[in-house]
Amino acid sequence: MDAKPVIQLESIEKVYQTGEVAVKAVRGISLSVRPGEFVAVMGASGSGKSTLMNLIGCLDRPTAGRYLLDGEEVGALTKSELSRVRNQRLGFVFQGFNLLSRTSALENVELPLLYSPHGHGRHELRKRSLAALEQVGLADRAEHHPSQLSGGQQQRVAIARALVNHPSLLLADEPTGNLDTRTSLEIMGIFQELNRQGMTILMVTHEPDIARYCLREITMRDGRIVDDRPVGDRLDAAKELARWRGPEEAP
Amino acid sequence: MKFSSTWTIALRALRRNPMRSGLTMLGIIIGVAAVIAMVAIGTGAKEQVASSIAQIGQNTVLVMSGSGSRGGVRGGWGSSPTLTRQDYEAIRKEVPGVLRATPDVRKSAQVMAGNQNVNTEINGAGEDYVEIRSWDFLEGGNFTAADVRGATKVAILGQTVATNLFGDASPVGQIVRIQNAPYTVVGLLKPKGMSMMGSDQDDVVLVPWSSAMVRLTGTTSFRAITVQAESAEQVGTVMEELASLLRQRHRIRDGAEDDFHVRSQQEIMEMATSTAKTMTILLGAIAGVSLLVGGIGIMNIMLVSVTERTREIGVRMAVGARGGDILLQFLVEAVVLSVGGGLIGIGLGFGIAKVVSAKVGWNTLVSPESVVLAFVFSAVIGIFFGFYPARKASGLDPIEALRYE
Ligand SMILES: Nc1ncnc2c1ncn2[C@@H]1O[C@H](COP(=O)(O)OP(=O)(O)OP(=O)(O)O)[C@@H](O)[C@H]1O
Ligand SMILES: [Mg+2]
């Protein structure tokens, strides 16, 4: 474990100032995540998990502290450089999917490519987006609109969108929060497969059961990390899924 | 980011909401079409007025019998004719520089030939009338000064009257009956077609004015006399001489108001075309206001859509759109709507102008200037009214936009 960290946080703080009241959502977090890690962020509601994810995802800036992404100081970047980082190096998956309505799955997945500085031809856009959809097993739904897809399928489209620019880090804020157990398992299966291929993943979850598919578990309370340990009894999503199917589909 | 990507993004965004896009465009379509059509119709009207006035004849002066205030009641021109046949003869004899002249006597009457009859306008004219209006004969010829002196019963037919009475047969040498008196047809005029008011200029019968006064109207004075000067240079002096002759003949004291009007064809032309021009500007301005309203419509929709699409903007920013990309997207959307609307509007304006010109029978002129102007204006409207909403969109914070309900 001597690879350079993907994420390195040093005494990160985030204070929300609403009128007179200052809410300290994150109070001095130091954290290091190395390539290939699969981290679950746990904690009670309001403990600052989403705030932390938004900071790591370059959607927001910390009030204090230092954040190095791939060794690069993020605090020094301009707004438009942050956009570039989000576009090229990060993939973000939300609890509420955040797909564009009345837009096909394929066009949703193409979105990050359209904002890519490299500028892809029409043909390449399509090829890469279809490949990303293939990765999440939805190539046959490319022309479907979000309203024509199930929740799990919509989340898979969102994952494909996060993957299409080949980021080095995948961030997910409660990706299974709106899904039932079985569909959650499918999503975890995709994550585990991606992680096996080398993707670094950081995900927020409320459910201890879901955290057991990860490799490392961090617990937050009141804006601080109170626990950080490897997952002991790790589960394999593919196996669990097979077991789930077993009693239903065998007879 | 490549510009082609901005196009793709903006066009996809517009396609996501075809109804909204269409309605926004409609404002611009109507505005631009109105401007194009109104200016075309106005310009066409101006041309038509000019050409119909030109038909009065070259270097002509119109003497109109004036508003003699009799018994304190003041009528419009020609309401109480003050021009007598003696005035007419004096004008011909005494005013230097007069080449030709013809009085104007009109009456609607029934004309018959065989078992056919038509209602038409009988125009009592002098022997110079046809020449002054540069009207040619298809067949036969003019009546003579002797015919006018003797008030003989001869007639010249317009094409429409001739066709109605005689079909394809030649009317020359035939007899027509006007209020039961028989007239010999001596000539058939070349067709002139519609006038700008949509009336048929060939629906006319010319007879010597003397015959018309004696047999048809029973009047002793004229509504107007058309005088043709020998040259353009002489129009001015002819007008002055005419006026002084008539003041003298009508015994009008110095300082008193004339009971006639003298206008050169040039003056009438200028008055009429300037009126038509004013009308064109007025119509264009009204249409311009509707274009402005269309532009405000674009701003309105874009503003509403920035609010409505806050989450979409957040998503775009989360996957890497920069403020500038969002600005450009909204700007391109606005410009596509306005320019697209502008192009459709130009087409529609052309169509309306075509239909109107077919209906009223005169040319409408879609000027290249008005097309360029409408196009540039709609593009400017798009940029101008699109910029504020686009700025608003690009300034959104990604986190807040994503959290927006
Ligand atoms: N935009 C904001 N303005 C003010 N306070 C905020 C804002 N966002 C979050 N907070 C506050 O910061 C704290 C942490 O919020 P956060 O959303 O990070 O919690 P969380 O751990 O993600 O909770 P949950 O599990 O419910 O999603 C909360 O007390 C919340 O009220
Ligand atoms: Mg949260």
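Engineer: What is the right way to look at the overall build of chain A in this model?
Structural biologist: Helix and strand counts for chain A come out as 8 helices and 10 strands. Over its C-alpha trace chain A gives a radius of gyration of 18 Å, about what one expects of a compact globule, namely 18 Å for 251 residues. Counting only C-alpha atoms, chain A reaches 55 × 45 × 40 Å along its principal axes. The burial tally for chain A puts 52% of its 251 residues in the buried class. Carbon and sulfur atoms make up 49% of the accessible area of chain A, which amounts to about 11300 Å² in all.

Engineer: Sorry, what's going on with the domain arrangement of chain B here?
Structural biologist: Frequently, the measure chosen for interface size is the accessible area that the parts lose on association. Annotation of chain B at the domain level lists domain 1 (3-52 + 271-403) and domain 2 (81-258). Averaged C-alpha coordinates put domain 1 of chain B and domain 2 of chain B at centres separated by 54 Å.

Engineer: What should I look at first to understand the pattern of salt bridges in this one?
Structural biologist: Residue and element names in this part refer to chain B. The tally for this structure, following the rule as stated, stands at 34 salt bridges over all chains. For the salt bridge of E308 with R20, the shortest nitrogen-to-oxygen distance reads 2.9 Å. Of this pair, E308 sits in helix α9 (residues 265-308) while R20 sits in helix α2 (residues 18-54), placing them 288 residues apart in sequence. Three or more residues joined by partner-sharing salt bridges are found here, namely R16, R309, E312, R316 and E333.

Engineer: What is the right way to look at the pairing of strand β4 (residues 116-125) of chain B in this model?
Structural biologist: Moving residue by residue along a regular strand, the side chains alternate between the two faces of the sheet. Residues and elements named next belong to chain B. The pairing of strand β3 (residues 98-113) with β4 spans 9 bridges and is classified as antiparallel. Residue pairing for β4: A109 is matched across the bridge by T120. Connecting the antiparallel pair β3 and β4 is a turn made up of 2 residues, with G114 showing a positive phi of about 60 degrees. Pairing geometry for β4 and strand β9 (residues 204-208), over 5 bridges, is parallel. Each bridged residue has a counterpart across the sheet, and for N123 the counterpart in β9 is L206.

Engineer: Would you mind showing me how to read helix α3 (residues 105-114) of chain A here?
Structural biologist: The α-helix winds at 3.6 residues per turn, so residues separated by three or four positions along the chain end up facing the same way. In terms of burial, α3 of chain A is a largely internal element, 10 of the 10 residues being buried. Listed in full, the buried residues belonging to α3 of chain A are A105, L106, E107, N108, V109, E110, L111, P112, L113 and L114 of chain A. Looking at the packing, one finds that the buried side of α3 of chain A touches α2 (79-88), α4 (122-135) and α5 (151-163) of chain A together with α1 (3-16) and α10 (310-318) of chain B.

Engineer: Help me understand the environment of V136 of chain A, please; the structure alone is not making it clear to me.
Structural biologist: Residue and element names in this part refer to chain A. Mapped onto the fold, V136 is located in the loop between α4 and α5. Here the alpha-carbon distance between V136 and V157, two residues 21 residues apart in the chain, equals 7.5 Å. Residue contacts for V136: discarding those within four places in its chain leaves R156, I159, A160 and I190.

Engineer: Mind showing me how you'd approach the interface of chain A and chain B here?
Structural biologist: Contact with chain A, which involves 27 residues of that partner, is made by 25 residues of chain B. Together, the buried faces of chain A and chain B total about 2500 Å²; carbon and sulfur atoms form 51% of this surface. A per-residue breakdown of the area chain A buries against chain B is headed by R102, L114 and Y115 of chain A, which together make up 27% of the total. Between chain A and chain B we count 3 salt bridges in total. Its salt-bridge partner being R12 of chain B, residue E107 of chain A comes within 3.4 Å of it at the nearest N-O pair. Taken together, the links from chain A to chain B amount to 11 residue pairs in polar contact (both at pLDDT 80 or more).

Engineer: Would you take a moment to explain the site of ligand 1 for this structure?
Structural biologist: Contacts to ligand 1 come from 15 residues, most closely from S45, K49, S50 and T51 of chain A together with R403 of chain B. More than one chain lines the surroundings of ligand 1; the residues nearby belong to chains A and B. Between ligand 1 and S47 of chain A, the relevant distance is 3.3 Å, taken from an oxygen atom to a main-chain nitrogen or oxygen of the residue. In this structure, an oxygen atom belonging to ligand 1 sits 2.5 Å away from a side-chain N or O atom of T51 of chain A. Compared with its free state, where it exposes 630 Å², ligand 1 has 69% of that area covered by protein. Looking at the shell around ligand 1, the element that brings in the most residues is helix α1 (residues 49-56) of chain A, giving 3 residues. Classifying every residue of the shell around ligand 1 by side-chain character gives 4 nonpolar, 8 polar and 3 charged.

Engineer: I would appreciate a short explanation of the sheet that holds strand β1 (residues 7-18) of chain A in the present structure.
Structural biologist: Note on sheets: strands pair through backbone hydrogen bonds, and any given pair is parallel or antiparallel. Residues and elements named next belong to chain A. The strand order across the open sheet built from 4 strands is β2-β1-β4-β5, with neighbouring strands paired in antiparallel fashion. At either end of the open sheet lies a strand with only one pairing partner, and these are β2 (21-33) and β5 (72-73). Examined bridge by bridge, β1 and strand β4 (residues 64-69) share 5 bridges and lie antiparallel to one another. By the bridge assignment for β4, Q8 is matched with L68. Against the sheet, α1 makes contact with β1, β2 and β4, and its axis sits at roughly 120 degrees relative to β1, the strand it touches most.

Engineer: It is not clear to me how the confidence of the model for chain B should be interpreted in this structure. Could you clarify?
Structural biologist: Interpretation of this model should avoid reading the predicted coordinates in detail wherever pLDDT is low. All names here are of chain B. Residues of chain B with pLDDT of at least 70 account for 95%, and the chain-wide mean is 88. The element-level mean pLDDT for chain B is lowest in α9, coming to 86, with strand β6 (residues 154-157) highest at 96. In this model residues 69-75 is a low-confidence stretch, pLDDT under 50, and it forms 6 contacts with partners more than four residues away in sequence or in other chains.

Engineer: Help me understand unusual backbone geometry in this model?
Structural biologist: It is generally the case that most residues other than glycine have a negative phi and that most peptide bonds are trans. Positive phi, close to 65 degrees, is recorded for F97 of chain A, a residue that is not glycine. By the secondary structure assignment, F97 of chain A is in the loop between β6 (90-93) and α3. Look at F97 of chain A and you get buried, because its relative accessible area is 11%. Not every positive phi belongs to a glycine, and A151 of chain B is a case in point at roughly 50 degrees. The residue A151 of chain B is located in the loop between α5 (145-150) and β6 in this model.

Definitions and limits used
- Residues numbered from 1 in each chain as written.
- Chains lettered and ligands numbered in written order.
- Predicted model: local features only at pLDDT ≥ 70, side-chain atom pairs only at ≥ 80, totals over all residues.
- Heavy atoms only, no water.
- Helix = DSSP H or I, 4+ residues; strand = E, 2+ residues; numbered from the N terminus.
- Rg over C-alpha atoms; globule rule 2.2 N^0.38 Å.
- Buried < 20%, exposed > 50% of the residue type's maximum accessible area, 1.4 Å probe, protein only.
- Areas by Shrake-Rupley, 256 points an atom, 1.4 Å probe, with all protein chains shown as cover.
- Domains from an automatic or database assignment.
- Salt bridge = Lys/Arg side-chain N within 4 Å of Asp/Glu carboxyl O.
- Pairing = 2+ DSSP bridges.
- Contact = heavy atoms within 4.5 Å.
- Buried area = accessible area lost by both parts, 1.4 Å probe.
- Polar contact = N/O pair within 3.5 Å; in protein donor to acceptor, adjacent residues only side chain to side chain.
- Near = heavy atom within 4 Å.
- Nonpolar A, V, L, I, M, F, W, Y, C, P; charged D, E, K, R; others polar.
- Axes fitted to C-alpha atoms, helices over the stretch in contact; angles between N-to-C directions.
- pLDDT = per-residue confidence, 0-100.

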